[in-house]
Structures are given as C-alpha cells and as structure tokens.
Amino acid sequence: MSKFYNEMVGFAQANVAPHTKKVDDEACFPEESFKAILGSKKTGLLVPEAFGGQGKGLTEHAEAVMALAESCATTGLCYMMHNVATMCIVLFGSDEMKKKFLPKIASGEVLFALAYSETGTGTHFYLPEITVAKDKENYVLNGRKSFVTSAEYADYYLVLSNSADTEGLDNWIIPKDAKGLSFQREAWNGLGMRGNASMPMLLENVTLDGSYRIGDAGSGQAQVFNVVAPFFVTGLACVYAGVANNACATVVEHAKTRKYTDGTMLAAIPTVQNHLAEIYTKAAGAKHFALAAAKAGSEGSADALAQIIAARLNASDAAVEVCTKAMKIGGGTAYAKRLPLERLLRDSLAAAVMAPSTDVLSIWLGKALTDQPIP
Ligand SMILES: Cc1cc2nc3c(=O)[nH]c(=O)nc-3n(C[C@H](O)[C@H](O)[C@H](O)COP(=O)(O)OP(=O)(O)OC[C@H]3O[C@@H](n4cnc5c(N)ncnc54)[C@H](O)[C@@H]3O)c2cc1C
C-alpha cells in the first residue's frame with residue numbers, strides 16, 4: 001500500500017475512529033472528525049496546487065476515502081461527496097468560480113455536499129424535476145431534494161436542475177445560508193450510516209445569479225458522467241471496501257482473543273478458519289479491486305468505466321457478505337452489540353441502494369461491456 005494511504009490510515013485511526021461509536025449511537029454528524037479533516041486541509045486533496053491544494057487525483061481520492069471508511073463509513077462517505085463536488089469546480093468551473101471557491105476548499109474553510117436525488121426519480125439522480133425559472137439575470141429554484149448527506153453541516157450544496165437556458169442539465173452551487181433553503185432533519189433516521197444527516201432539502205424561491213452555475217448552461221450531464229460518475233462510483237466502492245475490511249479486522253481480532261474454558265481460541269476451530277479465510281479473501285479483494293479501478297480511471301484505461309462499476313458492485317456485495325458472515329463468527333457477543341459488527345452490517349446495507357444503485361449499475365456495466373450507450 002502507498003505511503004499516502006498509510007498516512008491516511010494513521011490519521012483516521014487517531015482522529016476519526018474515536019468518534020465512530022458516538023456518531024452511530026446518537027445519529028450525529030461526525031463533527032469532531034470533520035474538524036480534524038478541515039483543520040488538516042484534507043478538503044483540498046483534489047484542489048490544484050495553483051489554488052493552494054494538493055493537486056491529487058482519482059487514485060489518492062480512492063485511498064483517502066478507503067482509509068477514512070475503514071475507521072468510519074459515514075466520515076468516508078461525507079468526505080467522498082465533498083471531493084466529488086470539488087472536482088466539478090476544478091474541471092468545469094469558470095476562472096472566476098475557481099478563484100472564489102478553490103482556495104477556501106484548500107484551506108479547510110468550507111465543506112461541500114451533493115443534493116442530487118429527488119423522490120420523483122429516485123435512484124436516477126441525474127433526472128432532476130425541480131423547477132428553475134429565469135427572472136431577468138437571476139434564476140429561481142423551487143423543489144425538494146430527497147437525501148442530502150452532510151445536510152446542515154456542509155457550507156455549499158451542488159444541485160442538479162434542468163437548464164432554464166438550453167437543453168440539458170445545470171449544476172448549481174447553493175450556499176447553506178441562501179434565502180429559501182431549508183432542511184427536514186426529522187426525515188433522517190437511517191438504519192446505518194446514521195451520522196450522515198442524509199435528510200431532505202427544500203428549495204423555496206432560492207434565487208441565484210448565473211455565477212453560481214458550474215460550467216456552461218447545459219453542461220450538467222457532462223459533469224455527471226465525466227466527474228460525478230468516476231469519482232462518486234469509485235468513492236462508493238472505497239467506502240464499502242472500507243466497511244468490509246473493518247469487519248474483517250474486527251472479527252479476526254475477536255477470533256484470536258475469544259477463549260474457551262480449556263484455553264483454546266475461537267480461531268482454532270477449523271470451520272471458523274474456513275469462514276475467516278472467506279471473509280479475508282472477499283474484503284481484500286474488494287479493497288484491491290477498488291484501488292486498481294481507481295488507477296485504471298486515473299490512467300484513462302480503455303476499460304476504466306467497466307472496472308470502476310465492477311469494483312463498486314463487488315465492494316457492495318462483499319461488504320454485506322463479509323459483515324453477515326462476521327456476525328456469525330462473532331456469535332452472541334456480536335449480536336449483543338459488544339462488537340461493532342452489527343453497525344458495520346447496517347452500514348453495509350446502504351451500498352446497494354445508494355444511487356446509482358447496484359441494480360442500475362449492473363445494467364450499465366452490461367451495456368458498457370457491449371458498447372451500448374449508458375444510461
Ligand atoms: C445513506 C444514504 C446517503 C445518501 N446520500 C445522498 C446524497 O448525499 N445526495 C444525493 O443526491 N442522494 C443521496 N442518497 C440517495 C440515494 O443516492 C438514492 O437516490 C436513494 O437511495 C434512492 O431511494 P429511492 O427510495 O427513491 O429508490 P427507488 O428509486 O425507489 O429504487 C428502489 C429500488 O428499485 C431499484 N430500481 C429503480 N429503478 C431501477 C431500474 N431502472 N432498473 C433496475 N432497478 C431499479 C433500485 O435499484 C432500488 O433497489 C443517499 C441515500 C442513502 C441511503
């Protein structure tokens with residue numbers, strides 16, 4: 001593993017892991033973890049050096065997200081979404097927009113989130129239905145976004161809409177304090193990923209001028225498929241590979257330390273050894289496939305898209321399978337929540353439903369492999 005990944009693991013163990021239990025127990029946003037992330041300027045990972053950032057790409061994004069998720073899936077997911085938003089500005093923002101936002105992202109002053117999904121189009125988050133009306137030089141947005149991770153905590157929210165100026169989609173930056181923006185906190189009580197704060201967001205006559213639109217009018221679709229797709233889908237692969245590896249490490253440790261009256265350890269039972277072997281194989285496979293897919297994406301390999309989608313599908317299945325099997329090895333101790341395995345199992349179940357969901361992505365993969373347009 002790279003020096004950067006190992007440093008991120010050390011950072012996460014020191015600054016993120018101590019808060020993970022509380023974040024789940026109290027369903028509270030990992031504020032302490034994000035204080036450390038912002039304070040150490042990790043928000044600027046993808047910001048070019050010219051704007052004060054670290055100028056890194058998809059590989060480091062994957063490594064950073066995985067390292068954080070190995071300590072706390074919620075923190076990894078919220079950080080991943082911030083990076084996706086950053087990359088939209090880096091690759092599509094005007095010079096003026098870059099000068100306005102990138103230095104603040106690099107210095108850890110601001111956090112971004114993605115407000116894309118809507119109830120009407122569900123997992124197809126790239127099909128927005130909120131309305132945008134033009135009012136002289138301004139744009140007036142109305143509607144509701146259904147799940148917004150980091151809601152109320154992020155300083156800015158990326159919102160997709162149909163364009164009021166042309167065919168296609170627009171990708172907007174909406175400040176948290178914009179008049180007419182509000183959140184429905186009571187609507188988030190997740191089974192897992194409980195600290196995400198993934199609540200609905202209401203837009204009531206939110207009025208923006210054109211400088212808040214990322215890129216040209218109608219470029220939203222290109223942003224979704226060139227930026228959001230690779231960085232988001234890779235990010236999800238890494239979050240759930242992180243969950244699988246956390247469960248693997250937890251259950252291996254338990255199998256070594258849980259002793260019976262005669263002094264033998266749980267791990268001495270051949271059936272348990274079989275299960276541990278399967279758990280490790282799946283968890284390590286998810287990790288290395290996700291990192292390899294990120295490398296393929298950063299190198300522009302011909303099959304990068306297929307690898308990234310496949311890595312996300314693989315990690316999503318692996319996380320659920322590893323956590324389920326780990327619960328069995330953890331016995332009543334795990335069931336009684338004396339081990340964090342039940343939390344990891346709950347977290348893992350989000351993998352299949354997060355957009356684009358695994359059912360939708362597997363259709364896309366079939367199309368990508370046979371040169372058919374997606375979605
Ligand atoms: C923990 C968590 C965090 C989230 N964070 C964010 C966020 O920050 N920003 C954001 O924009 N969204 C976020 N979401 C929303 C998420 O990305 C999905 O949009 C949302 O979960 C869709 O829920 P739904 O009930 O509308 O699903 P539905 O669209 O009703 O789907 C239900 C099921 O039907 C399947 N399905 C639907 N259409 C098809 C099809 N054409 N082919 C095959 N299968 C299909 C889906 O795969 C799914 O299994 C989050 C969701 C969760 C759970």
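Residues numbered from 1 in each chain as written. Predicted model: local features only at pLDDT ≥ 70, side-chain atom pairs only at ≥ 80, totals over all residues. Heavy atoms only, no water.

A. Just the sheet that holds strand E5 (residues 169-175), in detail. An order of E1-E4-E5-E8 is seen for the 4 strands of this open sheet, with the pairing classed as mixed. Each end of this open sheet is capped by a strand with a single partner; those strands are strand E1 (112-115) and strand E8 (213-214). Relative to E5, strand E4 (residues 156-162) is paired through 7 bridges, and the arrangement is antiparallel. Each residue of the ladder has a partner; that of Leu160, found in E5, is Asn171. Here helix H5 (residues 73-92) sits on the sheet and contacts E1, E4, E5 and E8; the angle it forms with E1, its principal contact strand, is near 90 degrees. (Pairing = 2+ DSSP bridges. Helix = DSSP H or I, 4+ residues; strand = E, 2+ residues; numbered from the N terminus. Contact = heavy atoms within 4.5 Å. Axes fitted to C-alpha atoms, helices over the stretch in contact; angles between N-to-C directions.)

B. A look at the environment of Ile37. Counting through the fold element by element, Ile37 comes out in helix H3 (residues 31-39). For Ile37, a relative accessible area of 0% gives the class buried. Residues Ile37 and Tyr79, spaced 42 residues apart in sequence, show a C-alpha to C-alpha distance of 8.7 Å. (Buried < 20%, exposed > 50% of the residue type's maximum accessible area, 1.4 Å probe, protein only.)

C. Examining the pattern of salt bridges more closely. Inspection of every chain in the model, using the stated rule, returns 15 salt bridges. The closest approach of N and O atoms between Arg346 and Asp24, which form a salt bridge, is 2.8 Å. Taken as a pair, Arg346 in helix H10 (residues 341-348) and Asp24 in helix H2 (residues 17-25) lie far apart in primary sequence, 322 residues in all. Put simply, Lys35 and Glu32 hold a salt bridge, and the shortest N to O gap is 3.3 Å. Of this pair, Lys35 and Glu32 both sit in helix H3, 3 residues apart, which is roughly one turn of the helix. Glu32 gets classed as partly exposed once you look at its relative accessible area, which sits at 41%. Taken together, the shared-partner salt bridges connect Lys134, Asp165, Asp170 and Arg213 into one network. (Salt bridge = Lys/Arg side-chain N within 4 Å of Asp/Glu carboxyl O.)

D. Broad picture of the nonpolar core. By size, the foremost hydrophobic cluster in this structure holds 132 residues, and its most contacted members are Phe112, Leu141, Ile173, Ile174 and Tyr240. Excluding residues that lie within four positions of it along the chain, Ile173 makes contacts with Ile89, Met97, Phe101, Phe112, Tyr156, Tyr157, Leu158, Leu208, Tyr212 and Ile214. (Core = buried A, V, L, I, M, F, W, Y, C linked by side-chain atoms within 4.5 Å.)

E. View of the site of the ligand. Near the ligand you find 20 residues, and of these Leu114, Ser117, Thr149, Ala355 and Ser357 are the closest. The contact in question runs from a nitrogen atom of the ligand to an N or O atom on the backbone of Leu114, over 2.8 Å. Interatomic distance of 3.3 Å between a backbone N/O atom of Val353 and an oxygen atom of the ligand. Within the complex, 68% of the 980 Å² of free accessible area of the ligand lies under protein. Contributions of two or more residues to the shell around the ligand are made by strand E3 (138-148) and helix H11 (358-369). When we break the shell around the ligand down by domain, the ones giving at least three residues each are domain 2 (114-216) and domain 3 (221-369). (Near = heavy atom within 4 Å. Polar contact = N/O pair within 3.5 Å; in protein donor to acceptor, adjacent residues only side chain to side chain. Areas by Shrake-Rupley, 256 points an atom, 1.4 Å probe, with all protein chains shown as cover. Domains from an automatic or database assignment.)

Geometric descriptors of this kind do not, in isolation, establish any biological role.
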